[in-house]
Amino acid sequence: MRTGLRILCVDNEPVILRGLRAVLERMGAEVFTARDADEALMQPGLFDLALVDYHLDHGNGLSLQDRLAARVERFVI
């Protein structure tokens, strides 16, 4: 089953990113992962959803939300 959703997951914990990717891909989403704001900003295209951890190593999820606002339809922080 393919949902067609493009989801960006941002978390500084690799194990969390692996878990999110596994679950969301099983649900049919196209998943992009990033460990910090710089990696997130380098991901190509537009996203239907961004799942962003509030506590990142450098900065936080709210500041990243502002920087990605034009490229993401909905955020969960």
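Details of the structure are given in the entry above.
Residues numbered from 1 in each chain as written. Predicted model: local features only at pLDDT ≥ 70, side-chain atom pairs only at ≥ 80, totals over all residues. Heavy atoms only, no water.

### Here's the deal with the pairing of strand S2 (residues 30–34)
Bridge count for strand S1 (residues 6–10) against S2 is five bridges, and the pairing is parallel. Paired with Val10 across the bridge in S2 is Ala34. Between the parallel elements S1 and S2, the chain passes through helix H1 (residues 14–26) in a crossover that is right-handed. (Pairing = 2+ DSSP bridges. Helix = DSSP H or I, 4+ residues; strand = E, 2+ residues; numbered from the N terminus. Right-handed = clockwise from strand over helix to strand, strands pointing away.)

### A short note on the pairing of S1
With respect to burial, S1 is a largely interior element, four of its five residues being buried. In this structure, S1 lies alongside strand S3 (residues 47–52), joined through four bridges in parallel fashion. Counterpart to Leu8 in the pairing with S3 is Ala50. (Buried < 20%, exposed > 50% of the residue type's maximum accessible area, 1.4 Å probe, protein only.)

### Digging into the side chain of Asp11
Tracing the sequence through the fold places Asp11 in the loop between S1 and H1. Despite its burial, Asp11 pairs with no opposite charge; the closest candidate is Arg35, at 9.7 Å N-O. For Asp11, the side chain forms a polar contact with the main-chain nitrogen of Glu13, separated by 2.8 Å. Apart from residues lying up to four places away in sequence, Asp11 is in contact with Ile16, Leu17, Ala34, Arg35, Asp53 and Leu56. (Lys, Arg positive; Asp, Glu negative; His and termini not counted. Salt bridge = Lys/Arg side-chain N within 4 Å of Asp/Glu carboxyl O. Polar contact = N/O pair within 3.5 Å; in protein donor to acceptor, adjacent residues only side chain to side chain. Contact = heavy atoms within 4.5 Å.)

### Points about the sheet that holds S2
Strand order in the open sheet made by the four strands is S2-S1-S3-S4, with parallel pairing throughout. Two strands in the sheet have a free side with no partner beyond their single neighbour: S2 and strand S4 (72–76). Neighbour-to-neighbour, the strand axes of this sheet turn through a mean angle of 20°, independent of strand direction. Each of S1, S2 and S3 is contacted by H1, which is oriented at about 170° to S2, the strand it contacts most. (Axes fitted to C-alpha atoms, helices over the stretch in contact; angles between N-to-C directions.)

### Points about the packing of aromatic side chains
Here the structure, examined in full by the defined rule, presents one aromatic pair. Centre to centre, the rings of Phe32 and Phe47 are 5.3 Å apart; their planes meet at 75°, and the pair counts as edge-to-face. Of the two residues, Phe32 sits in strand S2 while Phe47 sits in strand S3, which places them 15 residues apart along the sequence. Here Arg6 stacks its cationic end above the ring of Phe47, 5.0 Å away from the centre of that ring. (Phe/Tyr/Trp six-rings, centres within 6.5 Å; stacked < 30°, edge-to-face > 60°. Lys NZ or Arg CZ within 6 Å of the ring centre and 35° of its normal.)

### Looking at H1
Between its first and last C-alpha atoms H1 spans 18 Å; for 13 residues at 1.5 Å apiece the expected length is 18 Å, and the two agree. One or two positions beyond H1, positive phi appears at Gly28, with a value near 100°. (Expected span 1.5 Å × (residues − 1).)

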